[in-house]
Amino acid sequence: MSCIYSSVSSFSISSNSNFSSWRLNSKPSPSICCAVGGTVAEPKTVSVTEPLLLNAARGKVVDRPPVWLMRQAGRYMKSYQAICEKYPSFRERSENVDLVVEISLQPWQVFRPDGVILFSDILTPLSGMNIPFDIVKGKGPVIFDPLSTAADVEKVREFIPEESVPYVGEALTILRKEVNNEAAVLGFVGAPFTLASYVVEGGSSKHFTKIKRLAFSQPKILHALLQKFAASMAKYIRYQADKGAQAVQIFDSWATELSPVDFEEFSLPYLRLIVDSVKQTHPELPLILYASGSGGLLERLPLTGVDVISLDWTVDMAEGRRRLGPDVAVQGNVDPGVLFGSKEFITNRINDTVRKAGKGKHILNLGHGIIVGTPEENVAHFFEVAKGLRY
């Protein structure tokens, strides 16, 4: 497999670049040339001081964009489905050290991505905060006692990861040893507003009426809850880093249900609080922020202070780069549906995304998680093409 990537260095995307004229004059890039076939090859043994993903996130020179996929551990893999048949409870799978490690390593063993993400859920800390919940097959998250009053928020306890989720730390430590710095071990947490949305709504929501009613009629109650989540998630990120996570992604999935002005009140300050707190003790830990449907908030996301902004597929990558400016790295943003296309189509879309992202400070990924039913051979092709690219 040979790949040459040469055209990107002929232009640079910055906050004041003339994107419109560049786009009109650009042509589909013929300069990313990849010949692929077969299955993903075993990597050669090399001596590296830092995984490629960490170098890209920090803006260091890399020879290609690192690649991993959101939700790569689970859902689409037959090996994961076999575990689900034996252990039908999601919480059992995500709270058992051996199962967490096995599931997290499944894509690593087959595809060798540049990032190996912990198999877990953003709601995992809730039990340790005195918020009982479950994740029910076919229904999703269920919060047994949704929060709505100041008294409810008062009952929310401080999260102590060592006591509440020791299996997370144990699993991360094992993953770090198993991956052996050939890829970056990724942890993740939920953002305060997204976690608050679940516990106030009682689970997933379509219109988010309960959380917005609380925000707009009793904002002090919501701010008190968001403060608790921010402090707890900062502590959770530090715990994951101390146990082996080399980068952590923050999921603020529902922040984009807020208008820009409400995002600035109910999400942005708490994301900033988390980042500032973590950076005081772990200044070199790359933090990635993902918010689905974030096109309307894009310019505000770098204000959080994170190192990497993960774009969903509704934003053109070149336009996203221009709007975010040159100081922040980007992740994404191939449409997960592309993986149902032909291998040629997948290759072309990868090339287009990487070309538009420009050279460096880019982590190739999907714009959302892998969809159930995605052909595993297409995932293999995605990784094969991606890992064959060269700047």
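Given the structure is predicted, the values throughout are model-derived calculations rather than measurements.

Student: Whenever I open this one, the overall build of the protein confuses me. Can you help?
Tutor: Scanning the protein from N- to C-terminus turns up 16 helices and 11 strands. Sequence separation of 24 or more characterises 75% of the internal contacts of the protein that already satisfy a separation of 6 or more. As presented, the protein carries roughly 16600 Å² of accessible surface, and 51% of it is formed by carbon and sulfur atoms.

Student: What is the right way to read the side chain of Thr353 from this model?
Tutor: Note that Thr353 resides in helix 15 (residues 343-357). The class of Thr353 is buried, set by a relative accessible area of 5%. Setting aside chain neighbours within four positions, we find Thr353 in contact with Met317, Gly332, Asn333, Val334, His362 and Leu364.

Student: I'm lost on the pairing of strand 8 (residues 287-290) in this one. Help?
Tutor: As a general feature of sheets, a regular strand has side chains that alternate between the two faces. Residues Leu287 and Leu289 of strand 8 are buried on one face, and the alternating residues Ile288 and Tyr290, pointing to the opposite face, are buried as well. For strand 7 (residues 247-251) and strand 8, the ladder comprises four bridges, and the chain directions are parallel. Each residue of the ladder has a partner; that of Gln249, found in strand 8, is Ile288. Judged from the three bridges that link them, strand 8 and strand 9 (residues 308-310) form a sheet pairing that is parallel. Residue Ile288 lies in a different strand from strand 9, and its bridge partner there is Val308.

Student: What should I look at first to understand unusual backbone geometry in this one?
Tutor: Trans is the common state for peptide bonds, and a negative phi is the common state for residues other than glycine. Put simply, Gly332 and Asn333 share a cis peptide bond, and its omega is -10°. Looking at the secondary structure, you find Asn333 in strand 10 (residues 329-334). Of note in this structure, Asn181 is not a glycine but carries a positive phi near 65°. Considering the arrangement of structural elements, one finds Asn181 in the loop between helix 8 (166-179) and strand 6 (184-190).

Student: Quick question: what am I supposed to make of the packing of helix 10 (residues 209-217) against helix 11 (residues 219-243) here?
Tutor: Pairs of packed helices are described in terms of their axes, by the angle between the two and the distance that separates them. Contact geometry of helix 10 with helix 11 gives a least axis separation of 5 Å together with a crossing angle of 110°. It follows from the interaxial angle that helix 10 and helix 11 lie roughly perpendicular. Residues Ile211, Leu214, Ala215 and Ser217 of helix 10 pack against Pro219, Ile221 and Leu222 of helix 11. Partitioning the contact of helix 10 with helix 11 into residue classes produces six nonpolar, one polar and no charged.

Student: Mind showing me how you'd approach the environment of Arg322 here?
Tutor: Summarising the element assignment, Arg322 is placed in helix 14 (residues 317-324). A relative accessible area of 24% means that Arg322 is categorised as partly exposed. In this structure, the C-alpha to C-alpha distance between Arg322 and Glu299, residues 23 residues apart in sequence, is 9.7 Å.

Calculation criteria
Residues numbered from 1 in each chain as written. Predicted model: local features only at pLDDT ≥ 70, side-chain atom pairs only at ≥ 80, totals over all residues. Heavy atoms only, no water. Helix = DSSP H or I, 4+ residues; strand = E, 2+ residues; numbered from the N terminus. Contact = heavy atoms within 4.5 Å. Areas by Shrake-Rupley, 256 points an atom, 1.4 Å probe, with all protein chains shown as cover. Buried < 20%, exposed > 50% of the residue type's maximum accessible area, 1.4 Å probe, protein only. Pairing = 2+ DSSP bridges. Axes fitted to C-alpha atoms, helices over the stretch in contact; angles between N-to-C directions. Parallel < 35°, antiparallel > 145°, perpendicular 65-115°, else oblique. Nonpolar A, V, L, I, M, F, W, Y, C, P; charged D, E, K, R; others polar.

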